[in-house]
Amino acid sequence: METKKRDIRALTKDQLRNFFVEQGDKPFRGNQVYEWLWQKSAHDFDAMTNISKETRQMLEDNFVINHIRVDQMQRSSDGTIKNAVRLHDGLVVESVLIPTENRTTACVSSQVGCSLDCRFCATARLKRMRNLNPDEIYDQVVAIDNESRLYFDRPLSNIVFMGMGEPLMNYNNVLKAIDKITSPEGLGMSPKRIVVSTSGVPKIIKKMADEEVKFGLAVSLHSAIDEVRTSIMPFNSTFPLKDLREALEYWYSKTKNRITYEYVVWKGINDTQEAADALVKFCKFAPSKVNIIEYNPIDDGEFQQAHSSAVEMYQNTLERNGITVTVRRSRGKDIDAACGQLANKS
Ligand code: SAH
């Protein structure tokens, strides 16, 4: 009976080096294979041309390379690309390439489905099936980097963890993936070009602060009033604003990094002056930037984009209080690739 082969990319570089030593080979062989697996994104052992045929066969007998497969690629009229990414066990996640004039941003998923229950988000309607492994996150980035080179003639420049899932509920794997993405042995990207977006898990935000991570943090706030936030993001009853705020204060004291907030203004939910004032009060303790995102409807019409005058009211209120604010238009709506639309149609 064949024993189950291990996923070779679950091994660290040291483990891979040790494996070769156990096989009576040189540790250096481990470095070579590691380079094929990560920097060169080899999909099979036969691609490893500087490794002998016998060694490749031995690897084949012991391991598998669980590479993702881009099953379907859709292109929006605005240039945005959405990849449906099939994982080794058949589950599917989505990632998005967002081109702007001089940037290409990858929006990647961290979980299959999501364990949170934000009522305005399509992904929340899928149960969380499982966490993504570090290599599955890394591979999404590589796929988008390749597409950026192919279609836009330039490498990927930025990454946002704003796809499916809550990255801080899969923190260890997200961190491992970012390590690979930023390592010279992986893609060598600067952590300053990476933003992890969270609905706010206070304990993990503090942990990130303690580890002095170098990537950016964005918080999906949407309301700075507990009752309102709980009604649209029910997990807020477990992690109320007071705890979130305390964790963010800790984050700022440790990192001195500006905090970005994502915020959608909805009709009848948070489109009042009182709501805008609460937002100011919440984020005033540290240099902050508020990204007001356009609402992307997810069919049932329960949530509606607020009137533009409400968005202007927010802009004025924030600016008056020295808080940077941007109003972002959505990209890729026609292919359901915009914020909160991932998994809308599958
Ligand atoms: N779980 C993480 C990352 C995924 S969501 C987080 O909550 O930050 C990425 C962003 O899209 C979040 O700011 C989320 O609140 C927002 N979003 C979700 N549904 C949306 C919708 N229908 N329209 C606009 N933005 C939405």
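The model shown is predicted, which means the values in this text are computed figures rather than measured ones.

Chemist: With reference to specific residues and values, describe the UniProt feature "domain: Radical SAM core" (unreviewed entry) in the chain.
Modeler: According to UniProt, the positions carrying the feature "domain: Radical SAM core" (unreviewed entry) are residues 100-334. When the span residues 100-334 is considered, its composition is 37% helix and 17% strand, and the gap between its end C-alpha atoms is 17 Å.

Chemist: Describe a nonpolar patch on the surface, and please don't skip the residues or the numbers.
Modeler: Together, Val70, Met73, Leu150 and Tyr151 make up an exposed nonpolar region whose accessible area comes to about 340 Å². Elements with a minimum of two residues in the nonpolar patch: strand 3 (69-75) and helix 4 (134-152). Mapping tyrosine 151 onto the fold places it in helix 4.

Chemist: Can you tell me about the environment of asparagine 291, naming the residues and giving the values?
Modeler: Along the chain, the position of asparagine 291 falls in strand 13 (residues 288-293). Residue asparagine 291 is classed as buried on the basis of its relative accessible area, which comes to 7%. Between the C-alpha atom of asparagine 291 and that of aspartate 271, which follows or precedes it by 20 residues, the distance is 15 Å. When residues no more than four places from it in sequence are discounted, the contact partners of asparagine 291 are Thr260, Tyr261, Glu262, Tyr263, Thr326 and Arg328.

Chemist: Go over the environment of alanine 306 with me, naming the residues and quoting the values.
Modeler: Of note, alanine 306 is situated in the loop between strand 13 and helix 10 (308-320). Put simply, alanine 306 and glutamate 294 are 12 residues apart on the chain and 9.0 Å apart in space, counted from C-alpha to C-alpha. With sequence-adjacent residues up to four places away left out, alanine 306 is seen in contact with Val265, Trp266, Lys267 and Asp271.

Chemist: Explain the pattern of salt bridges to me, using residue names and the numbers behind them.
Modeler: What the rule picks out here adds up to 19 salt bridges. Residues lysine 82 and glutamate 94 are paired through a salt bridge, measuring 3.5 Å at the closest nitrogen-oxygen approach. Of this pair, lysine 82 sits in strand 4 (residues 81-86) while glutamate 94 sits in strand 5 (residues 92-99); the two residues are 12 residues apart in sequence, bridging distant segments of the chain. There is no split in this pair, since lysine 82 and glutamate 94 are both buried. Two residues, glutamate 136 and arginine 130, come together in a salt bridge whose shortest N-O distance is 3.0 Å. Judged by relative accessible area, arginine 130 falls into the buried class, the value being 16%. When salt bridges that share partners are traced, they join Arg9, Asp135 and Asp139 into one network.

Chemist: Would you mind going over unusual backbone geometry in detail, with residue names and values included?
Modeler: The phi angle at histidine 222 is positive, at roughly 65 degrees, despite the residue not being glycine. Mapped onto the fold, histidine 222 is located in the loop between strand 11 (216-220) and helix 7 (226-232). Taking relative accessible area as the criterion, histidine 222 reaches 4% and is therefore assigned buried. Of note, lysine 256 is a non-glycine position whose phi angle comes to about 55 degrees, a positive value. Along the chain, the position of lysine 256 falls in the loop between helix 8 (241-255) and strand 12 (259-264). Here lysine 256 falls in the exposed class, since its relative accessible area comes to 55%.

Chemist: Give a description of the packing of aromatic side chains that names residues and reports values.
Modeler: Within the structure shown, the criterion is met by 12 aromatic pairs. An aromatic cluster is defined as three or more aromatic residues linked by ring pairs; in this entry it consists of Phe120, Trp266, Tyr295 and Phe303. The ring of tryptophan 38 is capped by arginine 9, whose NZ or CZ atom sits 5.1 Å from the centre of that ring. Across the ring face of tryptophan 38, the terminal group of lysine 180 is positioned such that the distance to the ring centre comes to 4.2 Å.

Chemist: Quick one: what's the story with the site of the ligand, residue by residue and with numbers?
Modeler: In the vicinity of the ligand there are 20 residues, among which Ser197, Ser199, Ser220, His222 and Asn296 approach most closely. Between the ligand and the protein, one listed contact pairs a nitrogen atom with a side-chain N or O atom of glutamate 166 at 3.0 Å. A distance of 3.3 Å separates an oxygen atom of the ligand from a polar backbone atom of threonine 198. Protein coverage of the free-state accessible area of the ligand, which is 540 Å², stands at 96%. If you list the elements that add at least two residues to the shell around the ligand, you get strand 10 (194-198) and strand 12.

Chemist: Please give an account of helix 1 (residues 13-22) that cites residues and values.
Modeler: All buried positions along helix 1 are accounted for by Leu16, Phe19 and Phe20. Buried residues along helix 1 cover an arc of 95 degrees about the axis, so they all sit on one side. Every exposed residue of helix 1 that faces more than 90 degrees away from the buried side is listed here: Asp14 and Glu22. Where helix 1 is buried, its residues touch strand 1 (6-7), helix 2 (27-37), helix 3 (53-62) and strand 2 (63-64).

About the thresholds
- Residues numbered from 1 in each chain as written.
- Predicted model: local features only at pLDDT ≥ 70, side-chain atom pairs only at ≥ 80, totals over all residues.
- Heavy atoms only, no water.
- UniProt positions renumbered as here; feature names shortened; annotations may be inferred.
- Helix = DSSP H or I, 4+ residues; strand = E, 2+ residues; numbered from the N terminus.
- Patch = residues over 30% accessible without salt bridge, like charges linked within 9 Å, V, L, I, M, F, W, Y side chains within 5 Å.
- Areas by Shrake-Rupley, 256 points an atom, 1.4 Å probe, with all protein chains shown as cover.
- Salt bridge = Lys/Arg side-chain N within 4 Å of Asp/Glu carboxyl O.
- Buried < 20%, exposed > 50% of the residue type's maximum accessible area, 1.4 Å probe, protein only.
- Contact = heavy atoms within 4.5 Å.
- Phe/Tyr/Trp six-rings, centres within 6.5 Å; stacked < 30°, edge-to-face > 60°.
- Lys NZ or Arg CZ within 6 Å of the ring centre and 35° of its normal.
- Near = heavy atom within 4 Å.
- Polar contact = N/O pair within 3.5 Å; in protein donor to acceptor, adjacent residues only side chain to side chain.
- Arc of directions from axis to C-beta.

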